[in-house]
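Residues per chain, in single letters:
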2 protein chains.
Amino acid sequence: MRISRVSEQSAVPVTTLKYYLREGLVHEGVRLSGNQTDYDQTHVQRVRLVRALLDTGGLSVAAAKRVLSTLDAEPEAIATTFEAAQHAMATGRATGEPSEASRRRIAELASARGWRTSPENPGLDLAARVLDDFSAIDFAPSDGYLGAYAAAAELVARADLSALRDREDPALIAELMVIGTVVGDTLAAGLRRLAHQDATADLFPVPDPIHRQEPS
Amino acid sequence: MRISRVSEQSAVPVTTLKYYLREGLVHEGVRLSGNQTDYDQTHVQRVRLVRALLDTGGLSVAAAKRVLSTLDAEPEAIATTFEAAQHAMATGRATGEPSEASRRRIAELASARGWRTSPENPGLDLAARVLDDFSAIDFAPSDGYLGAYAAAAELVARADLSALRDREDPALIAELMVIGTVVGDTLAAGLRRLAHQDATADLFPVPDPIHRQEPS
């Protein structure tokens, strides 16, 4: 198919497609005679993937490239691909080392729940830096607070892995794993905002305007 | 105190502090005679806040400004400040309208859990766009999958709101609310990666290298 057809099917403008091709985010098409290049369904699929990584996932082009290269590499054990994708995504977001105390607290939280994790898991530093930010504003999260976050993480991680298990083609599993890791954070963030609104209504009710305007 | 002291106490370099001041992210100090400007503890506090929004939260300078302006505005009911902060944060991340079908599915998910939310809540579009990304890679999330994410969101939102309720000073409540909304996403993302590693070990065990190398 022509590039204009890829554009239609992926809902991504041709100029953006050309940018993806130049950046090596999408594989080249097959050169035909003259100025024509032929693309196929694998291009449409890849363009959608790139779009999700950049837009919904908010990754930089460099980070998206690293993530895609883990997908394109020799298929390995799922656990290995997962780890590689996580690392590719964590770089770029990371700024500065978290404190040792915060790293330790997160490691303890994980082991209290019986999680088998490695010290190299990028989630450890990501979460530890948040604890540092909290302490900068003098917020000391209780064990109950962190426990709620850990329980929530467990719920979504199990749902993610079950969804993976339902797929059979290793390429599709890898694709969902990568997309799921990146945009799953956004799904969690979106639902958290909705749940905040509900919880706020309970805990901090808005003053009733009628009572304010017409005092008895 | 001098700017070098603010730098020490906030662990942010002086050149970065000057950038924050120029961008209006941090309020000016008091001009003393000559070239001297006097800063105080409120500057240190604000610098840490800005740092958390930009680095851990990954906000753009423009988004951070919008978030800070909701903090600096007249203190209102908690629910109103929360909403304003959520909107300020959601803009910038948003790209393109989600499909009506996805918006409807998220709205149904929220109402199935009895959440009281408004159609303007930015979480609705954020989550709906993820569903669109999923359908682009032919992943149709089950009700159980989305239900797990919603249950997790409820857990963390209740923990967030309880933490707010423990603070008394309205300025500190607003500060935690804003920081918590932004960096709480990162805490959830970090723990999700740790939980993924654990869940992967169960569902997709890495082949045992000894058995692979020495077949019997």
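Q: A description of the overall build of chain A should follow, citing residues and the corresponding values.
A: In terms of helices and strands, chain A carries 10 helices and two strands. Tracing chain A from N to C terminus, the helices and strands come up as α-α-β-β-α-α-α-α-α-α-α-α. Sorting the 216 residues of chain A into buried and exposed places 50% on the buried side. Looking at chain A alone, contacts between residues at least 24 apart form 60% of all its contacts between residues at least 6 apart. Of the accessible surface of chain A, which amounts to about 10,300 Å², a share of 52% is contributed by carbon and sulfur atoms.

Q: Please provide a residue-by-residue account of the nonpolar core, values included.
A: Residues A:Leu187, A:Leu191, B:Leu187 and B:Leu191 are the most contacted members of the largest nonpolar core, which totals 121 residues. When neighbours within four sequence positions are excluded, A:Leu191 is seen to be in contact with B:Ile106, B:Leu109, B:Trp115, B:Ala127, B:Tyr149, B:Ala150 and B:Ala153.

Q: Account for helix H1 (residues 3-10) of chain A, naming residues and giving values.
A: Residues and elements named next belong to chain A. Within the sequence span of H1, burial applies to Ile-3, Val-6, Ser-7 and Ser-10. On an axial view of H1, the arc spanned by its buried residues comes to 100°, and they lie on one face. Just downstream of H1 lies Ala-11, where phi reads positive at about 60°.

Q: Can you explain empty space enclosed by the protein? Please cite residues and give values.
A: In the structure shown here, the tally under the stated rule is seven cavities of 30 Å³ or more. Here the largest cavity defines a volume of roughly 170 Å³. Every residue lining the largest cavity is counted, 16 residues in all, and those nearest its centre are A:Ala152, A:Val156, A:Ala188, B:Val156 and B:Ala188. Those elements that provide at least two residues to the lining of the largest cavity are helix H8 (143-165) and helix H9 (170-203) of chain A together with helix H8 (143-165) and helix H9 (170-203) of chain B.

Q: Quick rundown of the environment of B:Glu154? Include the residues and the values.
A: Following the sequence through the fold, B:Glu154 ends up in helix H8. Sequence separation between B:Glu154 and B:Arg113 is 41 residues; the distance between their C-alpha atoms is 9.2 Å. With sequence-adjacent residues up to four places away left out, B:Glu154 is seen in contact with A:Ala195, B:Arg113 and B:Trp115.

Q: Lay out the environment of A:Gly147 in plain terms, naming residues and giving numbers.
A: All names here are of chain A. Looking at where Gly-147 falls in the secondary structure, it is placed in helix H8. C-alpha of Gly-147 to C-alpha of Ala-112: the two residues are 35 residues apart in sequence and 9.4 Å apart in space. Apart from residues no more than four positions distant in its own chain, Gly-147 is found in contact with Leu-109 and Arg-113.

Q: Account for the packing of aromatic side chains, naming residues and giving values.
A: Residue and element names in this part refer to chain A. Using the criterion set out here, one finds 10 aromatic pairs over all chains in the structure. Look at Phe-134 and Phe-139: their rings are 4.9 Å apart centre to centre, the planes differ by 85°, and that puts the pair in the edge-to-face class. When its relative accessible area of 9% is taken as the criterion, Phe-139 is described as buried. One aromatic cluster in this structure is built from Phe-134, Phe-139, Tyr-145 and Tyr-149.

Q: Hey, could you go over the interface of chain B and chain A for me, with residue numbers and the actual values?
A: In this complex, chain B contributes 83 residues to the contact, which on the side of chain A involves 83 residues. Counting each side, the surface lost to burial between chain B and chain A is near 8,300 Å², with a carbon and sulfur contribution of 68%. In this assembly, chain B and chain A are joined by 10 salt bridges. Counting across the chain B and chain A interface gives 24 residue pairs in polar contact (both at pLDDT 80 or more). Looking at the side of chain B that touches chain A, the elements with two or more residues in it are helix H3 (41-56), helix H5 (78-90), helix H6 (100-112), helix H7 (122-136), H8 and H9 of chain B. It is H9(B) that contributes the most residues to the side of chain B that touches chain A, 26 residues altogether.

Q: Describe the relation of the copies chain B and chain A, naming the residues involved and giving the relevant values.
A: If you rotate chain B by 180° and push it 0.0 Å along the axis, it lands on chain A with an RMSD of 0.0 Å. Overall, the copies show the geometry of a two-fold rotation axis. When each C-alpha of chain B is compared by its distance to the rotation axis, B:Ala152 comes out closest, at 2.1 Å. Take the interface residues of chain B: 100% of them recur as interface residues in chain A, which is what a same-surface contact looks like.

Q: Describe the confidence of the model for chain A, naming the residues involved and giving the relevant values.
A: Residues and elements named next belong to chain A. Taken as a whole, chain A shows an average pLDDT of 82; of its residues, 82% reach a score of 70 or greater. Mean pLDDT values for the elements of chain A range from 45 in helix H10 (residues 209-213) up to 95 in helix H6 (residues 100-112). Throughout residues 210-216 the model reports pLDDT below 50, and contacts reaching past four residues in sequence, or to other chains, amount to one contact. Both scores are given for the predicted complex: the pTM is 0.77, the ipTM 0.78.

Q: Which residues make up the environment of A:Arg48, and what are the values?
A: Position of A:Arg48 among the secondary structure elements: in helix H3 (residues 41-56). Counting along the chain gives 39 residues from A:Arg48 to A:Gln9, while the straight-line C-alpha distance between them is 9.3 Å. Beyond its immediate chain neighbours, meaning those up to four positions away, A:Arg48 contacts A:Gln9, A:Ser10 and B:Ala136.

Q: Tell me about the pattern of salt bridges, and name the residues and values.
A: Taken as a whole, this structure holds 22 salt bridges over all chains when the rule is applied. The salt bridge partner of B:Asp185 is A:Arg192, with a shortest N-O separation of 2.7 Å. With B:Asp185 in helix H9 and A:Arg192 in helix H9, this pair bridges two chains. Given a relative accessible area of 2%, A:Arg192 falls into the buried group. In this structure, B:Arg103 engages B:Glu100 in a salt bridge whose closest nitrogen and oxygen atoms are separated by 3.8 Å. Here B:Glu100 and B:Arg103 lie together in helix H6, a separation of three residues that amounts to about one turn.

Q: Explain unusual backbone geometry to me, and be specific about the residues and the numbers.
A: Phi is positive for A:Ala11, which is not a glycine, with a value near 60°. In this fold, A:Ala11 is placed in the loop between H1 and helix H2 (14-22).

Quick notes on the rules
- Residues numbered from 1 in each chain as written.
- Chains lettered and ligands numbered in written order.
- Predicted model: local features only at pLDDT ≥ 70, side-chain atom pairs only at ≥ 80, totals over all residues.
- Heavy atoms only, no water.
- Helix = DSSP H or I, 4+ residues; strand = E, 2+ residues; numbered from the N terminus.
- Buried < 20%, exposed > 50% of the residue type's maximum accessible area, 1.4 Å probe, protein only.
- Contact = heavy atoms within 4.5 Å.
- Areas by Shrake-Rupley, 256 points an atom, 1.4 Å probe, with all protein chains shown as cover.
- Core = buried A, V, L, I, M, F, W, Y, C linked by side-chain atoms within 4.5 Å.
- Arc of directions from axis to C-beta.
- 1 Å grid on protein atoms, 1.4 Å probe; cavity = no way out; pocket = protein on both sides within 12 Å on 5 of 7 lines; lining within 4 Å.
- Points joined across faces, edges and corners; volume = space filled by probe spheres on them.
- Phe/Tyr/Trp six-rings, centres within 6.5 Å; stacked < 30°, edge-to-face > 60°.
- Buried area = accessible area lost by both parts, 1.4 Å probe.
- Salt bridge = Lys/Arg side-chain N within 4 Å of Asp/Glu carboxyl O.
- Polar contact = N/O pair within 3.5 Å; in protein donor to acceptor, adjacent residues only side chain to side chain.
- Least-squares fit on C-alpha atoms with pLDDT ≥ 70 in both.
- pLDDT = per-residue confidence, 0-100.

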